[in-house]
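Fold and contact review
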Amino acid sequence: MAERRLPSDVLGGLIPHARFTTVLILLINTGLYIATAVHSSQAGGGSAMDIDAATLFDFGAKYRTAIMAGQWWRLITAGFLHGGVLHILMNMWVLFDVGAQVEESFGTSRFLVLYFVANLTAFLASTYWSSALSIGASGAIFGLIGAMIALGVRDGTAYGSAVRRLYMRWAVFALIMSLLPGIDIAAHVGGLVGGFIVAYVSGTPTYSPMIERVWKGAAGVAVAVTAVAFVQMFLSLASAQ
């Protein structure tokens, strides 16, 4: 059965229910950016406009050496960190747009699994490809683009064809931009592939209560693992103080 929410908007209309989960993820990213900006300014290594690498590392950036040493949670927390104002503004703008489309098309449970897996595959690919520090929601966002391409591939109608062409153009343009210096193209490709695979396998919400319970359970696991990753990050941060 397709997921439904009450028709009333959330929080008195401040958050439209059609993109509730998308906005929550956006707020988490923004909150972490504020936290890193404050920490960076107080540490003297950076500023609110440009977060220093040491702060990003402390807050869970992807770093191959640390991950190989057992800090697996960096593969998740890295996707919620940003290095500067322009970085987070661009990513949150695209997330707000594409995330709403994916959330509406796939439902909350599949959306959460899609975002989690795409974020994870993005930084797994990045870890394999480069030892450099890496952060940002763009890997997961590429996964959302991949999900919409999968939606178009699965839908044999004219609508599906239009969706596929639109988001393939998005993907091609974004991947070309990923060739610019300082951009983690491996994370983008990893996220795109991860999102496409999950979306192609999952499809959109069905009328089968059993299938929908499976996806709700998978979403619960994704949220729980993400929560554990952030707990590990905060424990590591506290021990470093």
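Within every chain, residues take consecutive numbers counted from 1 along the sequence as written. Whole-chain, interface and lining totals are the exception, using all residues; otherwise, since this is a predicted model, local features are given only for residues with pLDDT of at least 70 and side-chain atom pairs are given and counted only at 80 or more. Only hydrogens and water are removed before side-chain values are computed, so all heavy atoms of the structure are retained for them.

**Here we look at the nonpolar core**
Buried together is how nonpolar side chains tend to be arranged in soluble globular proteins. With 56 residues, the main nonpolar core has Leu-95, Val-102, Phe-106 and Tyr-115 as its most contacted residues. Every element with two or more residues in this core is listed here: α1 (20–43), α4 (74–77), α5 (85–129), α6 (138–154), α7 (158–177), α8 (185–202) and α9 (209–240). At 13 residues, the largest contribution of residues to this core is made by α5. Setting aside its immediate chain neighbours within four residues, Tyr-115 contacts Ile-25, Asn-29, Phe-80, Leu-95, Ala-137, Ala-140 and Leu-144. Only buried residues count toward a nonpolar core. Its members are Ala, Val, Leu, Ile, Met, Phe, Trp, Tyr and Cys residues joined through side-chain atoms within 4.5 Å. When accessible area is computed with a 1.4 Å probe and restricted to protein chains, residues below 20% of their type maximum are described as buried, those above 50% as exposed, and intermediate ones as partly exposed. Each helix is a run of H or I in the DSSP string that is no shorter than four residues. Each strand is a run of E no shorter than two, and both are numbered from the N terminus. Residue contacts are counted whenever heavy atoms from the two residues lie within 4.5 Å of one another.

**Notes on the environment of Leu-166**
Here Leu-166 is to be found in helix α7. Along the primary structure Leu-166 and Val-228 are separated by 62 residues, whereas in three dimensions their C-alpha atoms are 36 Å apart.

**Some points on the pattern of salt bridges**
Any carboxyl oxygen of Asp or Glu within 4 Å of a side-chain nitrogen of Lys or Arg constitutes a salt bridge here. Under the criterion given, the structure shown has 1 salt bridge. Across the pair Arg-110 and Glu-212 runs a salt bridge whose closest N-O atoms are separated by 2.7 Å. With Arg-110 in helix α5 and Glu-212 in helix α9, the pair connects residues that are 102 residues apart, well separated along the chain. Given the relative accessible area of 5%, Glu-212 is considered buried.

**Some words on the packing of α6 against α8**
An axis is simply a line fitted to the C-alpha atoms; with a helix, the fit covers only the stretch in contact. Between two such axes, the angle follows the N-to-C directions and lies from 0 to 180 degrees. Direction vectors running N to C along α6 and α8 enclose 40°, while the axes themselves pass 6 Å from each other. Considering the angle they form, α6 stands oblique to α8. When the axes of α6 and α8 are compared, the crossing they make is right-handed. Two secondary-structure elements touch here, α6 through Ser-138, Gly-139, Phe-142, Gly-143, Ile-145, Gly-146, Ala-147, Ile-149, Ala-150, Val-153 and Arg-154 and α8 through Ala-187, His-188, Gly-191, Leu-192, Gly-195, Phe-196, Ala-199, Tyr-200 and Val-201. An angle below 35 degrees is read as roughly parallel, one above 145 as roughly antiparallel, one from 65 to 115 as roughly perpendicular, and any other as oblique. Each crossing gets its handedness from the near helix: less than a right angle anticlockwise from the far helix is left-handed, clockwise is right-handed.

**Here's the deal with the packing of aromatic side chains**
Classification of ring pairs uses Phe, Tyr and Trp, with its six-membered ring standing for Trp, and accepts pairs whose centres are within 6.5 Å; under 30 degrees between planes counts as stacked, over 60 as edge-to-face, and the remaining range as tilted. Counting across every chain of the model gives 6 aromatic pairs. Relative to Tyr-115, the ring of Phe-80 has its centre 6.4 Å away and its plane inclined at 50°; by these criteria the two rings are tilted. With Phe-80 in the loop between α4 and α5 and Tyr-115 in helix α5, the pair connects residues that are 35 residues apart, well separated along the chain. Measuring from centroid to centroid gives 5.9 Å for Phe-196 and Tyr-200, while their planes differ by 15°, and the two rings are stacked. With a gap of 4 residues between them, Phe-196 and Tyr-200 both fall in helix α8, about one helical turn apart. Phe-196 sits in the partly exposed class, given a relative accessible area of 27%. Linked through ring pairs, Phe-80, Phe-111, Tyr-115 and Phe-230 together constitute an aromatic cluster.

**Concerning the side chain of Ser-178**
Structurally, Ser-178 can be placed in the loop between α7 and α8. At 2.8 Å, the side chain of Ser-178 and the backbone oxygen of Ala-174 are in polar contact. Look past the residues within four positions of Ser-178 in its chain and what remains in contact with it is Phe-142, Ile-183, Ile-185 and His-188. Pairs of N or O atoms are called polar contacts if they sit within 3.5 Å, as long as, within protein, a hydrogen donor faces a hydrogen acceptor (for residues adjacent in sequence, only side-chain-to-side-chain pairs).

**Description of the layout of surface pockets**
Put simply, the grid is 1 Å and covers the protein atoms alone, a cavity is a trapped set of points that fit a 1.4 Å probe, a pocket is an open set with protein on both sides within 12 Å along at least five of seven lines, and lining residues have an atom within 4 Å of a point. Grid points are joined across faces, edges and corners, and a volume is the space filled by probe spheres set on the points. Here the largest pocket is characterised by a volume of approximately 870 Å³. Around the largest pocket, the lining comprises 33 residues; the ones closest to its centre are Asn-91, Ser-138, Phe-142, Ile-183 and His-188. Broken down by secondary-structure element, the contributors of at least two residues to the lining of the largest pocket are α5, α6, α7 and α8. It is α5 that contributes the most residues to the lining of the largest pocket, 10 residues altogether. All residues other than Ala, Val, Leu, Ile, Met, Phe, Trp, Tyr, Cys, Pro, Asp, Glu, Lys and Arg, Gly among them, are scored as polar; the first ten of these are nonpolar and the last four charged. Split into classes, the residues belonging to the lining of the largest pocket amount to 19 nonpolar, 11 polar and 3 charged.

Nothing here speaks to function; it is all geometry.
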